[in-house]
Amino acid sequence: MDDLTAEMLQAFHAAPIGLAVSRYRVISSCNDTFAATLGYTAEALIGQSFRILYPNHAEFDRVRDIGLQTMADTGSYSDERMMRCQDGLPIWFRFRAKSLTPDDPLAHLVMSFALIRDQMDGPRLTKREREVLSRLSRGLTSKEIARELELSPRTIEDVRARLLRKFEAKNTTDLLRRMSYARPSA
């Protein structure tokens, strides 16, 4: 390996932002920042589908579908997205992707993942709050969440109100934007 290649590889792995390379949505390379932010080692992620970083298959497909046309048209795409850490907690990233194969955008991507907020010192969440928050992030209504959790819609509304207060959020959209700083209760 020549000096420039070694230096570039060192920069990739030491970058202060999460970086990943994929082939058809399978991680072929990632740096330690990306892996550690999600609670993994880089070695544990290589060869894995990005599917493991989303709460369900439908969300995994939805995320692909929203940017696919833009990727096909321009070769790049950017958004803010929620991903799932190894411990199941959600986290918000500013996501950017560049296709190295414009004719087949998902064949070979280079991506960056920047935490929306670097600090993880926000409100601590109970198990029930995490359950409700996870379902809110999937766009479910209080009634739908209540059905899934076998609780009353009123209970879900109470938990939602508690979450809004904890995060000092004006509404559910604001809550979801702020949620990546949450940590589980001890």
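Residues numbered from 1 in each chain as written. Predicted model: local features only at pLDDT ≥ 70, side-chain atom pairs only at ≥ 80, totals over all residues. Heavy atoms only, no water.

So, about the overall build of the chain. Counting its regular elements, the chain contains eight helices and seven strands. Summarising its shape, the C-alpha atoms of the chain cover approximately 60 × 35 × 25 Å along the three principal directions. Burial status across the chain gives 42% buried among its 186 residues. Taken as a whole, the chain presents about 10200 Å² of accessible surface, with 52% of it coming from carbon and sulfur. (Helix = DSSP H or I, 4+ residues; strand = E, 2+ residues; numbered from the N terminus. Buried < 20%, exposed > 50% of the residue type's maximum accessible area, 1.4 Å probe, protein only. Areas by Shrake-Rupley, 256 points an atom, 1.4 Å probe, with all protein chains shown as cover.)

Considering every residue of the chain, the mean pLDDT works out to 87; 91% of them sit at 70 or more. For residues 180-186, every residue scores under 50 in pLDDT, and the model assigns this stretch 28 contacts once sequence neighbours within four places are set aside. (pLDDT = per-residue confidence, 0-100. Contact = heavy atoms within 4.5 Å.)

A word on the nonpolar core. Core analysis: the largest hydrophobic core is formed by 26 residues, its most contacted members being Phe34, Leu38, Phe50, Leu53 and Phe113. Looking at this core, the elements with two or more residues in it are β2 (26-30), α2 (32-37), α3 (42-45), α4 (57-74), β3 (76-84), β4 (90-99) and β5 (109-115). Per element, the largest residue contribution to this core is four residues, and it comes from β4. If near-sequence neighbours (up to four positions away) are discounted, Phe113 is found in contact with Ile17, Gly18, Ala20, Phe34, Phe50, Met83, Phe93, Arg94 and Phe95. Within the second largest apolar cluster, 17 residues are counted, among which are Met82, Ala146, Leu163 and Phe167. (Core = buried A, V, L, I, M, F, W, Y, C linked by side-chain atoms within 4.5 Å.)

Turning our eyes to something else, we now look at the sheet that holds β5. If you walk across this open sheet you meet the five strands as β2-β1-β5-β4-β3, and the pairing is antiparallel. Strands at the two margins of the open sheet, each flanked by one partner only, are β2 and β3. Adjacent strand axes in the sheet meet at a mean angle of 30° when their direction is disregarded. Relative to β2, strand β1 (residues 18-23) runs antiparallel, the two being bridged by four bridges. By the bridge assignment, Arg23 is partnered in β2 with Val26. (Pairing = 2+ DSSP bridges. Axes fitted to C-alpha atoms, helices over the stretch in contact; angles between N-to-C directions.)

The subject of this paragraph is the packing of helix α5 (residues 127-137) against helix α7 (residues 153-166). Interaxial distance between α5 and α7 falls to 10 Å at its minimum, and their mutual angle equals 90°. The orientation of α5 relative to α7 falls into the category roughly perpendicular. Where α5 abuts α7, its residues Arg128, Glu129, Val132, Leu133 and Leu136 lie against Ile156, Val159, Arg160, Arg162, Leu163 and Lys166. A breakdown of the residues in the contact of α5 with α7 according to their chemical character gives six nonpolar, no polar and five charged. (Parallel < 35°, antiparallel > 145°, perpendicular 65-115°, else oblique. Nonpolar A, V, L, I, M, F, W, Y, C, P; charged D, E, K, R; others polar.)

Let us now look at the packing of aromatic side chains. In this structure the tally under the stated criterion is six aromatic pairs. A centroid spacing of 6.0 Å and a plane angle of 50° characterise the contact between Tyr54 and Phe60, whose relative ring orientation is tilted. Here Tyr54 matches Phe60 in class, with each residue buried. Each ring, one from Phe93 and one from Phe113, has its centre 5.7 Å from the other, and the planes form 80°; the classification is edge-to-face. With Phe93 in strand β4 and Phe113 in strand β5, this residue pair connects regions lying 20 residues apart in the sequence. Of the two residues examined, Phe93 and Phe113, each falls in the buried class. Taken together through their ring pairs, the aromatic side chains of Phe34, Phe50, Phe93, Phe95 and Phe113 make up a single cluster. (Phe/Tyr/Trp six-rings, centres within 6.5 Å; stacked < 30°, edge-to-face > 60°.)

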